[in-house]
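These are the residues of each chain, in order.
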Amino acid sequence: MGLRSGSRRRLEQEGQTPPQGVLARLGAVRRAQQITTYGVGSMVAIGDQSFLVSGLDSWKVGRDFDIREPRLEGDLGVRGFHLPPASDPPAGDGVRVRRFPTTYSCQGCGALKPYSGFNSPKGRGHCGNCDRAVTPSRFIVACAKGHLSEFPYWEWTHRGQEATSSGSTDRCRMKLISTGRTASLRSIVIQCSCGKKASLEGAFSGKEMRRLGIVCEGRRPWLGDDAGQPGCGEAVQALQRGASAAWFPVVRSALTIPPWHKALMQLVMRREHRRHLVGKDDARITEYAADEGWLADGRYSGADIVDAVRTLEAAEREEDADPENPDASELADALRVEEYRQLSSTTEDTPENQHFVCVPADVTPHSPVVPGVEQTMLVKRLREVRALTAFTRVTAPMPSDPPGCRARLHRGGVSWLPAIEVIGEGVFVRLDTDRLRAWESTVQAGPAGPRLAGLRQRHLKTLRERGDAQPQSPVSPRLLLVHTLAHALINEWSLDCGYPAASLRERLYVSDEMAAFLLYTATSDSAGSLGGIIAQGQPARLASSLDSALRRSWWCSADPLCMEADASGTDGLNLAACHACVLLPETSCELNNILLDRALLVGSPELGITGYYAQADE
């Protein structure tokens, strides 16, 4: 993805004059990073400068969609998906960025003011007075609704004093002085020409900000200076510019399953063909297919083409899902139910099945029984489309988040989203239904019941604090068991077959009727579709790796504190789970490493908790 400044005028003001009609190229990031790391609204450090990725309204994309996935399009209410621009796009244009923060400080004289106020020589980020380099402000403020602003240096220094109508803020000349006595914020002092000064000690306390009357102003600089939402009034949190809490992506994904997995369906969905097929009668569709040469080699018949077009038309007539009112749990929505059914059945490996092949594991009379598992399917070929739908700041997204705490990617009028596709392989594991239900009834009536009730209450409280008036929590023994088992197997496979844990990913299917997970390759690079994951799904290998994973889970180097914890992790939304046992890299877990409990997996005699896998299963 090429990063380019938002306008020629802005470049000229910053001393970077581009050729006529061409925007200056500032840097580049990979396409996948535009979905997961440097998406719309995030900050990108390029050299000694800092920029904010602009909204989708400013992107230059073609008429034809790069990626089609009808199930995900209907769920998100969009017409299609575009890949982020390449790092060196043929059109000479990339993703637009805006300078943020605009407040800079001089490393020489300490002057603290907007970048344009330094009178830098063209092409150099230097102070016009002392000719020393200027650097962007280390600190910003954000609120839980995704708004973003410059750090309020003047308000902080003057401690609640209101700016007068005569423009006292304009007359004040601010300086940032670092005493270097300690590494704490106490050593960073903001000094004003009026004589006021204050260290930044306590600046990261939201309570202190509110006490001084500093609240969110609702600014959305990634959408433009005039795109704010005045009157937000939320508490603001001071953050370092490069902090991970400054931007969390909200990614929605779907697998390409029958009938959309076929090469023919991918063909008729292409824009140049679709407009000649959708809405036409059977004869016209067959005639067009013949003109395009689709019937020449006998691979497709006229009836095949007509059936594919009618399937596409039926999907477009279905009512789009309302993205503002998502299901209480994405782990049990319509997308997951459809995938669960397809993953539980066989889809043969044929040349036409381009994006989905799912077959049972090779079971023989001599194959070992995998305890607690009812079905294992080998997904030899899969395609996942991942779309960036929104983002959050300050706090990571979690299941059942209210829409109000998720920031928009555009002002409106944009009918597409940025997305990437991943081609890989995986193993689908479905737990034994009878054993699971018997275990659930035992757990609910035992000592684990109050632990789970406390976890559920903390989750509901967190959702209420995030603005959800009627929160719904998916917390249940089944969810925590399935989630923790998926983590344990990913950790084991990363040790057993050489896959880095960050290259594997979980996809959970949990409801009253579902208890399964898909573990698959999360990248399409060298750790992609090489067959290593498929081998782990064969009965002998799966039984061995499951036994080893359970043995590792019986003991954690942080025990007994880890096993006996009533609350751990972010917002106390984990029980017995820590980085020494079952937590995974952020890219691997779709719940951001919350709602985990090792005790429900292997049990705890000390706590009186019966695990789904008791040590008697050894």
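Everything numeric here is computed off the predicted structure, so don't read it as measured data. (Residues numbered from 1 in each chain as written. Predicted model: local features only at pLDDT ≥ 70, side-chain atom pairs only at ≥ 80, totals over all residues. Heavy atoms only, no water.)

### Focus: the overall build of the protein chain
Consideration 1: Looking only at helices and strands, the protein chain has 18 helices and 21 strands in total.
Consideration 2: Counting every position in the protein chain, which comprises 618 residues, the buried fraction comes to 52%.
Consideration 3: Counted over contacts in the protein chain with a minimum sequence separation of 6, partners at least 24 positions apart contribute 69%. (Helix = DSSP H or I, 4+ residues; strand = E, 2+ residues; numbered from the N terminus. Buried < 20%, exposed > 50% of the residue type's maximum accessible area, 1.4 Å probe, protein only. Contact = heavy atoms within 4.5 Å.)

### Topic: the pairing of strand β4 (residues 49–53)
Consideration 1: The buried fraction of β4 is high, at five of five residues.
Consideration 2: Along β4, one buried face is formed by Gln-49, Phe-51 and Val-53 and the opposite face, lined by Ser-50 and Leu-52, is buried too.
Consideration 3: Relative to β4, strand β3 (residues 43–46) runs antiparallel, the two sharing four bridges. Bridge pairing links Ile-46 to Gln-49 in β4.
Consideration 4: Between β3 and β4, which pair antiparallel and follow one another directly, the connecting turn spans two residues, one of which, Gly-47, has a positive phi of 65°. (Pairing = 2+ DSSP bridges.)

### What about the confidence of the model for the protein chain?
Consideration 1: Of the residues in the protein chain, 88% reach a pLDDT of 70 or more, and the chain-wide mean stands at 85.
Consideration 2: Mean pLDDT across the elements of the protein chain ranges from a minimum in helix α1 (residues 8–13), with 33, to a maximum in helix α18 (residues 598–602), with 96.
Consideration 3: Low pLDDT, under 50, characterises residues 7–22; the predicted model gives this stretch 26 contacts beyond four residues in sequence or across chains.
Consideration 4: Across residues 319–328, where pLDDT falls below 50, the model places 13 contacts with residues more than four positions away in sequence or in other chains. (pLDDT = per-residue confidence, 0-100.)

### So, the nonpolar core
Consideration 1: Leu-508 and Phe-517 are the most contacted members of the largest nonpolar core, which totals 60 residues.
Consideration 2: Sort the elements by how many residues they give to this core and helix α14 (residues 477–496) lands first, with ten residues.
Consideration 3: Sequence-distant contacts of Leu-508, defined by excluding residues within four places in its chain, comprise Leu-331, Arg-336, Leu-479, Val-482, His-483, Ala-486, Ala-516, Phe-517, Glu-590 and Leu-591.
Consideration 4: Judged by nonpolar contacts, the second largest core, of 44 residues, contains Val-95, Phe-100, Leu-148 and Leu-335. (Core = buried A, V, L, I, M, F, W, Y, C linked by side-chain atoms within 4.5 Å.)

### As for the packing of aromatic side chains
Consideration 1: Under the defined criterion, the tally for this structure stands at 13 aromatic pairs.
Consideration 2: Aromatic side chains Tyr-340 and Tyr-509 sit 6.5 Å apart centroid to centroid with 45° between the ring planes, which places their arrangement in the tilted category. Here the residue Tyr-340 occupies a position in helix α11 (residues 334–343), and Tyr-509 occupies one in strand β20 (residues 504–510), the gap between them amounting to 169 residues.
Consideration 3: Ring geometry for Trp-439 against Tyr-612: centres 5.8 Å apart, planes inclined by 85°, an arrangement best described as edge-to-face. Taken together, the residues Trp-439 in helix α12 (residues 433–445) and Tyr-612 in the segment after α18 connect sequence positions 173 residues apart.
Consideration 4: Here Trp-439 falls in the buried class, since its relative accessible area comes to 6%.
Consideration 5: Taken together, Phe-139, Phe-151, Tyr-153 and Phe-204 form an aromatic cluster joined through their ring pairs. (Phe/Tyr/Trp six-rings, centres within 6.5 Å; stacked < 30°, edge-to-face > 60°.)

### Observations concerning unusual backbone geometry
Across residues other than glycine, the phi torsion is negative in most instances, and most of the peptide bonds are trans.
Consideration 1: The step from Phe-100 to Pro-101 runs through a cis peptide bond, and the omega angle for that step is -5°.
Consideration 2: Relative to the assigned elements, Pro-101 resides in the loop between β6 (95–99) and β7 (103–106).
Consideration 3: The linkage connecting Pro-258 with the following residue, Pro-259, adopts the cis geometry, with an omega of 5°.
Consideration 4: Positive phi is not limited to glycine here, since Asn-593 has a value of about 60°.
Consideration 5: With respect to the secondary-structure elements, Asn-593 resides in the loop between α17 (561–564) and α18.
Consideration 6: Here Asn-593 falls in the buried class, since its relative accessible area comes to 12%.

### Some details on the pattern of salt bridges
Consideration 1: In the structure shown here, the tally under the stated rule is 27 salt bridges.
Consideration 2: Ionic pairing is found between Arg-310 and Asp-282, a salt bridge with its closest N-O pair at 2.6 Å. Of this pair, Arg-310 sits in helix α10 (residues 302–317) while Asp-282 sits in helix α9 (residues 282–291); the two residues are 28 residues apart in sequence, bridging distant segments of the chain.
Consideration 3: By relative accessible area, Asp-282 is classed as partly exposed at 42%.
Consideration 4: Its salt-bridge partner being Asp-566, residue Arg-451 comes within 3.7 Å of it at the nearest N-O pair. Here the residue Arg-451 occupies a position in helix α13 (residues 448–465), and Asp-566 occupies one in the loop between α17 and α18, the gap between them amounting to 115 residues.
Consideration 5: In the salt-bridge network here, residues are joined through shared partners; they are Arg-71, Glu-338, Glu-339, Glu-384, Arg-386 and Arg-507. (Salt bridge = Lys/Arg side-chain N within 4 Å of Asp/Glu carboxyl O.)

### Comments concerning the sheet that holds strand β9 (residues 134–136)
Consideration 1: Spatially, β9-β7-β8-β12-β13-β14 is the arrangement adopted by the six strands of the open sheet, whose pairing is antiparallel. Strands with a single pairing partner mark the edges of an open sheet, and in this sheet they are β9 and β14 (197–199). Between one strand and the next, the sheet's axes are offset by a mean angle of 30°, whatever the strand orientation.
Consideration 2: Note: strand β8 (residues 111–114) against strand β12 (residues 174–178), two bridges, orientation antiparallel. (Axes fitted to C-alpha atoms, helices over the stretch in contact; angles between N-to-C directions.)

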